[in-house]
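So the chains spell out like this:
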Amino acid sequence: MLRHVAAGIDGSPEGLAAAHWAAREAMRRGTALRLVHAWEWQPRPAPGVPADMSQRSWAEDMMAQASDSMRAAHFGLQVISHSVADAPVGALLAAAEEADLLVLGSHGISGVAGFLTGSVSQRVVARSPRPVVLVRAGECTADEHFSAVDGISPDEIPETPYREVVLGLDTARPCDELIEFAFDAARRRATPLRVIHAFSLPPAFAAVDRLAPVNGPELLAEHERAVVATLRPWCEKFPEVAVTETVTEGRAAGGLIHASAGAALLVVGRRVRETRLGTHLGSVAHAVLHHAPCPVAVVPHA
């Protein structure tokens, strides 16, 4: 199949925001955009479906409108639409298998719970064999860029610089797929890559005065050296990408959420592993998916 970026849409505003983000990413990659919608037959019309339309007719009409909207907003983009009568999770996972990247929508930010990712999105992210990007409702081109002069939209000035890409890095278990995805994302946007690495003090340090921890500076320096060593081959492979490293003691999720406030994209990993309860998303990925205000890319790795 033709290389493409896939976007799951369901007629909601967040689905449309995800589709437009996926369209911009497809343009950056020089690939096609594939819009995917899964619908299941219901004995009664599903919410949002007019009473005088069947689920199939509504899906076809919605897909046609979405496709026309993508083509109108993104000149020259090849758009493929695919509507299937199937359970959403299964259909989206199948779409991810064939895509370079899958993009899904989130319902926005709640004052209590942060992102309302929804059960479908969370299950797809936890099981997808390909990277998945979660995009919040209302996300637009301007959110990826720094403010243009005199309030002019980045749509009108394409060279308006992108905001930085942020990568969460674990030097104890570095992963090529994750690091390459982040460097490539920064390269395509001609923007810096900010790498965040957080570490915890060994248990022996816990009882020591935190104002003067034993070997604290040496431990910090050790982690800084590990970050530099891990990134060195990637900096050589992507010399055009300016990299800054932030190494801190503490919880990784908090630092990533803070950094994501001014970012175009946050990139985190998901270790592929099965537990008795099924697939496992991971605490850091789970936290940033619920609280990071920018789009979040979750990259599966061994």
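See the structure above.
About the thresholds
Residues numbered from 1 in each chain as written. Predicted model: local features only at pLDDT ≥ 70, side-chain atom pairs only at ≥ 80, totals over all residues. Heavy atoms only, no water. Helix = DSSP H or I, 4+ residues; strand = E, 2+ residues; numbered from the N terminus. Contact = heavy atoms within 4.5 Å. Areas by Shrake-Rupley, 256 points an atom, 1.4 Å probe, with all protein chains shown as cover. Phe/Tyr/Trp six-rings, centres within 6.5 Å; stacked < 30°, edge-to-face > 60°. Lys NZ or Arg CZ within 6 Å of the ring centre and 35° of its normal. Axes fitted to C-alpha atoms, helices over the stretch in contact; angles between N-to-C directions. Parallel < 35°, antiparallel > 145°, perpendicular 65-115°, else oblique. Nonpolar A, V, L, I, M, F, W, Y, C, P; charged D, E, K, R; others polar. Buried < 20%, exposed > 50% of the residue type's maximum accessible area, 1.4 Å probe, protein only. Core = buried A, V, L, I, M, F, W, Y, C linked by side-chain atoms within 4.5 Å.

A. Expanded view of the overall build of the protein. Summing up its helical and strand segments, the protein has 10 helices and 14 strands in all. Contacts in the protein between residues at least 24 apart in sequence constitute 76% of all its contacts with a sequence separation of at least 6. Here the protein has roughly 14900 Å² of accessible surface; of this, 54% comes from carbon and sulfur atoms.

B. Structural view of the packing of aromatic side chains. Here the structure, examined in full by the defined rule, presents one aromatic pair. Sitting above the plane of the W21 ring, R28 keeps its charged end 5.6 Å from the centroid. The aromatic ring of Y162 is capped on one face by R189, whose charged end is 6.0 Å from the ring centroid.

C. Main features of the packing of helix α1 (residues 13-29) against helix α6 (residues 176-189). Two elements in contact, α1 and α6, have axes whose closest approach is 10 Å; the angle formed by their N-to-C orientations is 85°. Considered as vectors, α1 and α6 are oriented roughly perpendicular to each other. Note on element contacts: α6 touches α1 through F181, R188 and R189, opposite W21, E25, R28 and R29. Tallied by class, residues from the contact of α1 with α6 come to two nonpolar, no polar and five charged.

D. Highlighting unusual backbone geometry. You will see that A190, though not glycine, has its phi angle at about 50°, which is positive. Mapped onto the elements, A190 comes out in the loop between α6 and β9 (193-199).

E. Local environment of the environment of A242. One can find A242 in the loop between α8 (216-237) and β10 (243-249). By relative accessible area, A242 is classed as partly exposed at 44%. For the pair formed by A242 and F183, sequence separation is 59 residues and the distance between their alpha carbons is 9.5 Å. Contacts of A242, omitting those with residues within four sequence positions, involve P192 and L193.

F. Representation of the environment of G105 in the model. Take G105: it is sitting in strand β4 (residues 101-106). For G105, a relative accessible area of 12% corresponds to the buried category. Counting along the chain gives 32 residues from G105 to A137, while the straight-line C-alpha distance between them is 6.7 Å.

G. Highlighting the nonpolar core. Counting 52 residues, the largest nonpolar core has L33, L35, V103, L193, L265 and V267 as the members making the most contacts within it. Apart from residues no more than four positions distant in its own chain, L33 is found in contact with V5, A7, A19, A22, A23, A26, M70, L77, Q78, V79 and I80. Residues L93, V124, I196 and A263 belong to the second largest nonpolar core, which totals 29 residues.

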